[in-house]
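If you want the building blocks of each chain, they are given just below.
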Amino acid sequence: MTPTRITVWLAGLFGVISLWLLLRMGDTDVVRRPSAAAFMVGLCLWLLSPYAILVTAARFGKFRTVTWGAPSMLIIIGFYGNLAYADVNFHFWSKSDAQEALIYLAMPFVQNVVAVGSMGVLLAIGFWLDRRKR
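For clarity, every value in this text was computed on a predicted model and none was experimentally measured.

### A few points about the overall build of the chain
Right, so step 1: Counting its regular elements, the chain contains 5 helices and 0 strands.
Right, so step 2: Of the regular secondary structure in the chain, the N- to C-terminal order runs α-α-α-α-α.
Right, so step 3: Taken over 134 residues, the chain has a buried fraction of 37%.
Right, so step 4: In the chain, the proportion of contacts linking residues at least 24 apart, taken out of those at least 6 apart, comes to 75%.
Right, so step 5: Summed over its atoms, the accessible surface of the chain is roughly 8500 Å², and 71% of this surface lies on carbon and sulfur atoms.
Right, so step 6: The centroid of the 12 positive side-chain charges in the chain is displaced by 22 Å from the centroid of its 6 negative side-chain charges.

Encoded structure:
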């Protein structure tokens, strides 16, 4: 199985779980307003953006460090993100408060930073290994 297929399957799995946990917290009466529905669509796209970055890296990566590093990073950020989303939904370790839904804004930012940063490091390592081979 290619790294792109692995990354796509993992991104689909983690994306569906993330979206389910997000929509589970939503209030259906509020989302019926057009502005709230537009916000939820944007939030869903924001939630899926780290997974899209890693799928793109696996698909268009030139070096093996990037193509095989993308599914590895996807497992790390997907598992950590979904664990945080599940904790907000089911309160395994945290207590319920008014700001708990902010995790859906902050966690994709952290995941994007980790994804882009790690792909940059893996690209530099791949470039260095390629140069060393020549």
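### A closer look at the packing of aromatic side chains
The geometry of an aromatic ring pair is captured by two quantities: the separation of the ring centres and the angle between the planes.
Right, so step 1: Applying the stated criterion across every chain, the model contains 4 aromatic pairs.
Right, so step 2: Taking the centre distance of 6.0 Å and the plane angle of 40° together, the rings of Phe90 and Phe92 count as tilted.
Right, so step 3: Consider the rings of Phe92 and Trp93, whose centres lie 5.6 Å apart with planes at 70°: the pair is edge-to-face.
Right, so step 4: Three or more aromatic residues joined by ring pairs form one cluster here, namely Trp20, Phe90, Phe92 and Trp93.

### Re the side chain of Thr65
Right, so step 1: In this fold, Thr65 is placed in helix 4 (residues 64-90).
Right, so step 2: A distance of 2.8 Å separates the side chain of Thr65 from the backbone oxygen of Leu122, its partner in a polar contact.
Right, so step 3: Polar side-chain contacts of Thr65 include one of 3.5 Å to the backbone nitrogen of Gly126.
Right, so step 4: Ignoring sequence-local partners within four residues, the contact set of Thr65 consists of Leu122, Ile125, Gly126 and Leu129.

### Re the nonpolar core
Right, so step 1: Of all hydrophobic cores here, the largest spans 15 residues; its most connected members are Leu54, Ala70, Leu74 and Met119.
Right, so step 2: Counting residues per element, the ones that place at least two in this core are helix 1 (3-25), helix 3 (34-60), helix 4 and helix 5 (103-133).
Right, so step 3: Among the elements that line this core, the one with the most residues is helix 4, at 5 residues.
Right, so step 4: Here Leu74 is in contact with Thr7, Leu10, Ala11, Phe14, Tyr51, Leu54 and Phe79, once residues within four sequence places are set aside.
Right, so step 5: Core analysis: the next-biggest nonpolar cluster, separate from the first, contains 12 residues, Leu21, Met40, Ala86 and Tyr104 among them.

### Things to note about the layout of surface pockets
Right, so step 1: For the largest pocket, the calculated volume is near 200 Å³.
Right, so step 2: Around the largest pocket, the lining residues are Leu22, Met25, Gly26, Phe39, Met40, Leu43, Ala101, Leu102, Tyr104 and Leu105.
Right, so step 3: Broken down by element, the lining of the largest pocket gets its largest block of residues, 3 residues, from helix 3.
Right, so step 4: Class assignment of the residues belonging to the lining of the largest pocket gives a composition of 9 nonpolar, 1 polar and no charged.

### Observations concerning helix 5
Right, so step 1: Helix length check: helix 5 (31 residues) gives 44 Å between terminal C-alpha atoms against 45 Å at 1.5 Å per residue, within 8%.
Right, so step 2: Those residues of helix 5 lying buried are Tyr104, Met107, Pro108, Gln111, Asn112, Ala115, Ser118, Met119, Leu122 and Gly126.
Right, so step 3: Here the buried face of helix 5 lies against helix 1, helix 3 and helix 4.

Calculation criteria
- Residues numbered from 1 in each chain as written.
- Predicted model: local features only at pLDDT ≥ 70, side-chain atom pairs only at ≥ 80, totals over all residues.
- Heavy atoms only, no water.
- Helix = DSSP H or I, 4+ residues; strand = E, 2+ residues; numbered from the N terminus.
- Buried < 20%, exposed > 50% of the residue type's maximum accessible area, 1.4 Å probe, protein only.
- Contact = heavy atoms within 4.5 Å.
- Areas by Shrake-Rupley, 256 points an atom, 1.4 Å probe, with all protein chains shown as cover.
- Lys, Arg positive; Asp, Glu negative; His and termini not counted.
- Charge placed at Lys NZ, Arg CZ, Asp CG, Glu CD.
- Phe/Tyr/Trp six-rings, centres within 6.5 Å; stacked < 30°, edge-to-face > 60°.
- Polar contact = N/O pair within 3.5 Å; in protein donor to acceptor, adjacent residues only side chain to side chain.
- Core = buried A, V, L, I, M, F, W, Y, C linked by side-chain atoms within 4.5 Å.
- 1 Å grid on protein atoms, 1.4 Å probe; cavity = no way out; pocket = protein on both sides within 12 Å on 5 of 7 lines; lining within 4 Å.
- Points joined across faces, edges and corners; volume = space filled by probe spheres on them.
- Nonpolar A, V, L, I, M, F, W, Y, C, P; charged D, E, K, R; others polar.
- Expected span 1.5 Å × (residues − 1).

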